Amino acid sequence: MRYSEIINESMSFSAGHSEKREDGNYWISDTDSGDRYAPEFYKNMDKYSKDLDLEPPENPDYKEELDLSLSNASMREVFHELGYPTDLEDRAPFPIDEFIGRTTQWLQKAIGKPSPEQKPEIVKQPYGATMISGGKPEGYFNRVIKRMNEIARAGKQNGATHVWAS
């Protein structure tokens, strides 16, 4: 997947707080993972997009444990699994204590019960493209919800009051 596709077709999960400024209120993340790649990657993206065998330089300050990006559809599916609305772009962030409680409860109920595998859906049109969508390995929801819970808890320690996906 190309870098531009990740930006356009994914949502990131964050925990943060609201900050009032002269020009309005803004949500500020308290769980910033930093950039995955070192600054020289972003300065020379043409070089890396032309030579796909060239490994981008890693950022030593990147915090993978605070980075959670899912496809738009997967993020909505996880929020639905937790009982939240799925129109995430139109919703205010969710209170962090409620979210931590809800994800903790979900995880406790799921101990020893991995979420079932979802087979991909394959639609083949005659004289057209074959479309493959979905598909998740066994335990996918368990892993993602656990990660969201960990990010929310880290955010709360850093002063976060809410969580959101955008």
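We now turn to the structure provided with this report. (Residues numbered from 1 in each chain as written. Predicted model: local features only at pLDDT ≥ 70, side-chain atom pairs only at ≥ 80, totals over all residues. Heavy atoms only, no water.)

**A few points about the pairing of strand β1 (residues 10-21)**
Across three bridges, the pairing between β1 and strand β3 (residues 69-71) is antiparallel. For S12, the partnering residue across the bridge sits in β3 and is S69. In this sheet, strand β7 (residues 162-165) lies alongside β1 in antiparallel orientation, the contact comprising four bridges. When the bridges of β7 are listed, A15 appears paired with V163. For β1 and strand β2 (residues 24-29), the ladder comprises six bridges, and the chain directions are antiparallel. Residue pairing across strands places R21 opposite G24, the latter belonging to β2. (Pairing = 2+ DSSP bridges. Helix = DSSP H or I, 4+ residues; strand = E, 2+ residues; numbered from the N terminus.)

**Brief notes about the pairing of β7**
Relative to β7, strand β4 (residues 94-95) is paired through two bridges, and the arrangement is antiparallel. Note that in β7 the partner of P95 across the bridge is H162.

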